[in-house]
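Listed here are the chains, written in short residue letters.
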Amino acid sequence: MRIAISIPNRKRGPRPERTQPLTWEEFLDKPILRSHTKYFGRLFRMDRTNFDYLATLLHDREKATTRRGKHGGQIGATRVCDLKAELAMTLRYLAGGAIIDQCVIWNVTLPTLYRILKRTLEALHAVLPPFELREALSERETSTARLDTISAGFGARSAGLLPGVIGAIDGLLVPIKRPGTVNERCFYCRKGFYAMNVQAIADVHGCILHASVGLTPGAVHDSFAWSQDPLSKNLREGPIADWLKLHKRYLIGDDAYPASHTLVVPWPGKYALDSPELAFNERHSSARISVECAFGMLCRKWLFLKRPFELGLKRSTYSAGFQVAVVVAMKLHNLAIKKGSALSADVLDKDVSGEMEEGAKERPRRPDYRSRPQPVDPDMAHLSSPNPRLAR
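Novice: Help me get a handle on the overall build of the chain, residues and values and all.
Specialist: When helices and strands are counted, the chain shows 16 helices and five strands. The long-range share in the chain, meaning contacts at least 24 apart out of those at least 6 apart in sequence, stands at 68%. When the accessible surface of the chain is totalled, it reaches about 21,600 Å², and 54% of it is carbon and sulfur.

Next up, the structure:
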């Protein structure tokens, strides 16, 4: 037996008018940008020269990777906005701009903006130069000029006491949104928010020489996070470690890391004012502070590192867009230092600092894991601890 159900034919309302995205020329034609040239640097954290340089790199890559059909047509999805407009959206996001504000400014929908950010970040990751330390260590037998330059800078900073330093290492906690997984307490760091532990090595000028991003959650200790980096294993044993021992080259770090032939840490404990251990620790600290300064410049310029990450943290690999975004920010940081276009303090203040302060006030309260049992993911059992107050 069949039952027919009639549905009344309702008249749909008028279809919303589809707006065209704002072009780069229309954006530059805004009166506020024409009358205040300093606003360009505050928006995108670089001058017009470096912006055009990045646009040229992206254009060359797009021209080389675009596939064409038999009749010359492009294969695949076409670009919604022009290249410079998409680059401007990405840089503004990295600088701390709100996602919904960019949708209104550029006349694009939220899903379209997310696709633009993903595509442009991956393109920047491909065209920007890679970190130098791994390449310098792989070419250690044929060319030692870069390692010698790094060591000379640290030697001058430490008054000749540390002549063989090839980098200063430290950890950076990058906030993320609450993961919502069974092992979320592994991401809750000692500073009171959910984070990922990023390990980075910097030279004396603040350039990032190597970075380990997206491998460990924020609750783990720096020593454990560094041990999960493949470069750490190469520095502990193997031909690279033997070469570093032979030529007396090493990294420097704080007392969170274990001391070894290739990683020098300060003397533990307290010493008298005239003791050689205290003098060594002072020189060691003056050289090691370069990585702290690098983190300060990086986080002040790219303010997305100071608020919970929102491009989607995939549980299967810890990070999909997270790793690309953080690495691209570090590469842009290196580009600004090498090209001598680091922005001054008056350009970086009072533009999106309010968003950073509000985000810090809205951090979630530390959950009481002692009140209820927490299931543990078998794949991350080695990161869990019965102690609710996990170490860094």
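Novice: Requested: an account of the pairing of strand 2 (residues 195-202), with residues and values cited.
Specialist: Within strand 2, eight of the eight residues are buried, which leaves it mostly tucked inside the rest of the structure. What you see with strand 2 is no split at all: Ala195, Asn197, Gln199 and Ile201 on one side and Met196, Val198, Ala200 and Ala202 on the other are buried throughout. Here strand 1 (residues 165-175) pairs with strand 2 via eight bridges, running antiparallel. Of the residues in strand 2, the one forming a bridge with Val174 is Met196. In terms of strand pairing, strand 2 meets strand 3 (residues 208-217) through six bridges, oriented antiparallel. The partner of Gln199 across the bridge, within strand 3, is Ser212. Linking strand 2 to strand 3, which pair antiparallel, is a turn of five residues; within it Gly206 sits at a positive phi near 100°.

Novice: Account for the sheet that holds strand 1, naming residues and giving values.
Specialist: Judged by pairing direction, the sheet is mixed, and its five strands sit side by side in the order 3-2-1-4-5 without closing on themselves. Taken across any chain shown, the strands that pair with only one partner, and hence form the sheet edges, are strand 3 and strand 5 (263-264).

Novice: Can you explain helix 4 (residues 48-65)? Please cite residues and give values.
Specialist: Relative to the 26 Å expected for 18 residues at 1.5 Å per residue, helix 4 spans 26 Å between its end C-alpha atoms, a close match to the ideal helical length. Residues of helix 4 that are buried sit in contact with helix 1 (24-28), helix 3 (38-44), helix 5 (83-94), helix 7 (110-127) and helix 14 (321-338).

Each value, and the rule that gives it
Residues numbered from 1 in each chain as written. Predicted model: local features only at pLDDT ≥ 70, side-chain atom pairs only at ≥ 80, totals over all residues. Heavy atoms only, no water. Helix = DSSP H or I, 4+ residues; strand = E, 2+ residues; numbered from the N terminus. Contact = heavy atoms within 4.5 Å. Areas by Shrake-Rupley, 256 points an atom, 1.4 Å probe, with all protein chains shown as cover. Buried < 20%, exposed > 50% of the residue type's maximum accessible area, 1.4 Å probe, protein only. Pairing = 2+ DSSP bridges. Expected span 1.5 Å × (residues − 1).

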